[in-house]
Amino acid sequence: MEYVNAIIQGILLGGLYALFGCGLSLMFGVMRIANLAHGDLAVLAAYMISVLVSALAISSYVALLIVLPLAAVVGWLLQRFILDRSLKSGELAPLLVTFGLAIVIQSMLLEIFSANTKSLSAGSLGTASWKIGTQISIPVFTLMVFVVAILVISGLQLFLSRARTGRAMRATADDADTAGLVGIDARAIYAKATAIAVATAALAGTFFAMRSTFEPSSGPTQLIFAFEVVVIGGLGSLWGTLIGGIVLGVTQTVAGQIDPSYSILAGHFMFLLILAFRPQGIISTQAARA
Amino acid sequence: MEPSSSHDGSTLLSAVGVDKRFGALVVLHGVNVEVRRGEILGVVGPNGAGKSTLLDILSGAQAPSEGSVIFGGREVTRSSASARCRMGIGRSHQIPRPFGDMTVLENTLVGAMAGAGLDRRNAGDRSIEVLARFDLLDKANRPAGSLGLLDRKRLELARALASDPSVLLLDEIAAGLTEAETDELVATIAELRAGGMAILWIEHIVRLLTRMAGRMLCLASGRVIAEGAPEAVVSDTAVIEAYLGSAAA
């Protein structure tokens, strides 16, 4: 029964990982940018929320509503003024630029907030849970994060398959030069994709900070989880990030049930196993390509 | 800019004094081209003459090293490819480049929405119209990547048309097709010209262009070596030497 409980906790935790993964997947899918600052942008958003919460005496959720559009603007500006330039200089440049950005964000946070750990209050939701029988308890907050993750991923999927900008995004992802020749302004599309990606990172970062403590150097760990989620699920598949998140989450919680110190390590091992035996990920998009 | 109302033969798209160099390599030198309203301008020339580069420069895929591109009386040399498409310059590639993961319908929808600026409803109507024109309606919901060569060529043209161009730049649509397949596409292009569209058409098969083009231009080693009526161009000694001679040998 403990294992059933661990599996349920793992599935729910997968929602948070999927939220981290989907923005990374979107940026990689549309622009082939592996954004190494993804985790740090998420942590930056958590710090912004903690500042708003103490300055305005509002709840973390209200602060989140303020930070989400800000994060989208940050993403838009980041693409327009920094990443676009780097894209012109080959494949290595965006990687180096986002790596640099990650270091800048971490150092800046360390300078302003010191290395002390912080956490965000999740309100009464943070401790509430539903008990099923005596062994299984479902934390309401984690369940909410899972539901939000599903909503975000379905929303993104719907946007990509139906919306005008979404279709243009897929066309640009497929072939940016040809997209230009049918009238699509790739730069505008890229800026929108990064805006969405950074907003999802901010959302994930906030939930992460409500769930556990964070510090200026928390970003890279979240980035690694996000990468693992994207690779496990299958590059370029949004639903794949949810599956990847669940696989990673369940592996961590089940291993944690055996010995808590194995939890993270087991997740990395699962990632390596998938990489070795199914490098295209669980959901493969290769079949659809000609 | 209504293509059907402009049969007056005035210049719609032109390249003026265009040079294109890649380091020491000169691909185009002092090229002047004008495409007039309602005409088919055929462009011939041996491999490596710079024909596709010329199309790239007219469509905005590449910038010229020198010279300018004028469209509808406006200088567009520095406008992006996407901006030129929205102004009315359509283009098809020699090797079709469909958005392979998207359906056939979505390919034309993207052209109609981004290129012609139509809303979803009108873009849908426009897509159905162009897909019907190229006999692709029954394949509208198939992934474009699953199409065979002829259908890819059809889609390439359908997508370019979806963006409602007033000038169409065609790059070797006959390449790889049988004569019967080519005839079908050629018939559609003849209809477009009859509808008033200006067309610049690159083709390797010279007799196809002599049949279809109002004027012809021969490019060799990056220069225009002959221009005028198709019969005059194909019987020009310089052209025969540069192109037909080498092709016949």
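Only a predicted model underlies this, so the values are computations on that prediction, with no experimental measurement involved.

A. Region of the structure containing the interface of chain B and chain A. Listed per partner, the contact involves 27 residues of chain B and 20 residues of chain A. Counting each side, the surface lost to burial between chain B and chain A is near 1,900 Å², with a carbon and sulfur contribution of 55%. Together, Arg97, Phe99 and Asp101 of chain B form the three largest contributors to the area buried by chain B at its contact with chain A, with a combined 27%. The interface formed by chain B and chain A contains 3 salt bridges. The salt bridge partner of glutamate 106 of chain B is arginine 167 of chain A, with a shortest N-O separation of 3.0 Å.

B. A look at the side chain of threonine 206 of chain A. Mapped onto the elements of the fold, threonine 206 of chain A is located in helix 8 (residues 186-211). Assessed through its relative accessible area of 0%, threonine 206 of chain A is described here as buried.

C. Spotlight on the sheet that holds strand 1 (residues 11-22) of chain B. All names here are of chain B. The strand order 2-1-4-5 describes an open sheet built from 4 strands, whose pairing is antiparallel. Two strands lie at the open edges of the sheet, namely strand 2 (25-36) and strand 5 (74-75), each paired on one side alone. In terms of strand pairing, strand 4 (residues 66-71) meets strand 5 through 2 bridges, oriented antiparallel. In the strand pairing of strand 5, isoleucine 70 is matched with glutamate 75.

D. Summary view of the sheet that holds strand 10 (residues 223-228) of chain B. Residues and elements named next belong to chain B. Spatial ordering of the open sheet is given by 6-7-8-3-9-10, a layout of 6 strands whose pairing is mixed. Only two strands of the sheet have a single partner each, and these edge strands are strand 6 (89-92) and strand 10. The mean angle between the axes of side-by-side strands here comes to 15°, regardless of whether they run parallel or antiparallel. Bridging between strand 3 (residues 40-44) and strand 9 (residues 215-220) involves 4 bridges; their strand directions are parallel. Looking across to strand 9, one finds that valine 44 is bridged to cysteine 218. In the packing of helix 5 (residues 149-162) onto the sheet, contacts are made with strand 6 and strand 7 (167-171), and the angle to strand 6 comes to roughly 170°.

E. Spatial organisation of empty space enclosed by the protein. On inspection of all chains with the given rule, the structure shows 2 cavities of 30 Å³ or more. What the largest cavity holds in volume is close to 70 Å³. Listing elements by their share of the lining of the largest cavity, those giving two or more residues are helix 2 (38-56), helix 3 (60-87) and helix 8 of chain A. Split by residue class, the lining of the largest cavity holds 10 nonpolar, no polar and no charged. Within this model, the second largest cavity holds a volume of roughly 40 Å³. For the second largest cavity, the full set of lining residues is Ser92, His93, Gln94, Lys153, Glu156, Leu157 and Ile173 of chain B.

The rules behind the values
- Residues numbered from 1 in each chain as written.
- Chains lettered and ligands numbered in written order.
- Predicted model: local features only at pLDDT ≥ 70, side-chain atom pairs only at ≥ 80, totals over all residues.
- Heavy atoms only, no water.
- Contact = heavy atoms within 4.5 Å.
- Buried area = accessible area lost by both parts, 1.4 Å probe.
- Salt bridge = Lys/Arg side-chain N within 4 Å of Asp/Glu carboxyl O.
- Helix = DSSP H or I, 4+ residues; strand = E, 2+ residues; numbered from the N terminus.
- Buried < 20%, exposed > 50% of the residue type's maximum accessible area, 1.4 Å probe, protein only.
- Pairing = 2+ DSSP bridges.
- Axes fitted to C-alpha atoms, helices over the stretch in contact; angles between N-to-C directions.
- 1 Å grid on protein atoms, 1.4 Å probe; cavity = no way out; pocket = protein on both sides within 12 Å on 5 of 7 lines; lining within 4 Å.
- Points joined across faces, edges and corners; volume = space filled by probe spheres on them.
- Nonpolar A, V, L, I, M, F, W, Y, C, P; charged D, E, K, R; others polar.

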